[in-house]
Amino acid sequence: MTAVTAATQRPLRGIACMLAAAALFVAMDSLAKYLGDRYSPVQLAWSRYSVHLVVLVLLLALMGRLNRTDLASQAPWGQLGRGLLLLGATIFAYLSVRVLPLTQVYVVNFSSPLIVTLLAIPLLNERVGFKRILAVLGGFSGVLIAVQPDVGGSSSELLLPVAMAFCFALYQLATRYFAAQDSALISLLYTAAAGGVVCTLAVPFFWVPIQHQDIALFILIGVLGALSHFALIEAMRSASASLVSPFLYSQLIWATFIGYWFFGDYPTKATFIGAGIVALAGGYLIINERH
């Protein structure tokens, strides 16, 4: 079964949802960076998934869909595996932002659209045109230009966002595949449940008492996590993975702004040049999209 038929493709809606997801991801990771000096990534991930699960259960209850029929998945084990891929990406992300500037983390993470585009061909049976591949490769070259001046002396630390990018690419592909079998709410529920259960089992070994002024931020991490992944799932349901994934490049804009204003990380000239190349590649994809 293919993920979404050609008749159900809504490319512009998919692009809009992916742009929204990108902004929400950066906001969530910025909070994790801010709290990362005081709390373990496991504790932050626990909050992210636990609040996500609570928010989603309340939403389902309000919608009157908190029953076995509405919540039954067509591929429960696959959905759980998909949730664990996202948990891996989250842990690597929170480890990354503790030791690297936000912009650098996202620049390295931008290898995930390339991974998605290449793997979407054999795994999802998607047809990826030569022009689209060139555009994604062009965006990836911008990533390399942006990150190169900051690589020296921190190659081992850069392995953390590389691992994040790989996990996140596989998560996107799994999201695309299961979108045809389950609704966005069911996919969100399994995402939260997989991460919540694993983190709840692990968090006692990493627990640090939460300061009163940080409680609201812990809750906000989970809310942003739920919203970001709902937007991501809707993006994958609306258009092909190889089309919408490159628009995660817009995270670079948000990461640069937040990194500068809140963490004092001033981007290099190479970062701006690379970002420009990435933006041109994304614009080329929009202009050349065919309905």
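Preceding this paragraph is the structure being described.
For the structure given in this document, a descriptive report is provided here. (Residues numbered from 1 in each chain as written. Predicted model: local features only at pLDDT ≥ 70, side-chain atom pairs only at ≥ 80, totals over all residues. Heavy atoms only, no water.)

Regarding the packing of aromatic side chains
Then, number 1: Counted by the stated rule, this structure contains 7 aromatic pairs.
Then, number 2: Here Tyr39 and Phe218 contribute two aromatic rings whose centre-to-centre distance is 4.9 Å and whose plane-to-plane angle is 90 degrees, an arrangement assigned as edge-to-face. Of this pair, Tyr39 sits in the loop between α1 (11–35) and α2 (41–62) while Phe218 sits in helix α10 (residues 215–238), and the two are 179 residues apart along the sequence. Here Tyr39 and Phe218 have matching classes, each one buried.
Then, number 3: Above the ring of Tyr34, the side-chain terminus of Arg38 is found at 5.0 Å from the ring centroid.
Then, number 4: When the ring centre of Tyr49 is taken as reference, the NZ or CZ atom of Arg48 above it lies at 4.2 Å. (Phe/Tyr/Trp six-rings, centres within 6.5 Å; stacked < 30°, edge-to-face > 60°. Helix = DSSP H or I, 4+ residues; strand = E, 2+ residues; numbered from the N terminus. Buried < 20%, exposed > 50% of the residue type's maximum accessible area, 1.4 Å probe, protein only. Lys NZ or Arg CZ within 6 Å of the ring centre and 35° of its normal.)

Description of a nonpolar patch on the surface
Then, number 1: Side chains of Phe257, Tyr260, Trp261, Phe262, Tyr266 and Phe272 sit close together on the surface and give an oily, nonpolar patch of about 790 Å² of accessible area.
Then, number 2: Ranked by the residues each element gives to the nonpolar patch, the list is headed by helix α12 (residues 251–263), at 4 residues.
Then, number 3: As for its placement among the helices and strands, Tyr260 is situated in helix α12.
Then, number 4: Residue classification places Tyr260 among the partly exposed residues on the basis of a relative accessible area of 38%. (Patch = residues over 30% accessible without salt bridge, like charges linked within 9 Å, V, L, I, M, F, W, Y side chains within 5 Å. Areas by Shrake-Rupley, 256 points an atom, 1.4 Å probe, with all protein chains shown as cover. Salt bridge = Lys/Arg side-chain N within 4 Å of Asp/Glu carboxyl O.)

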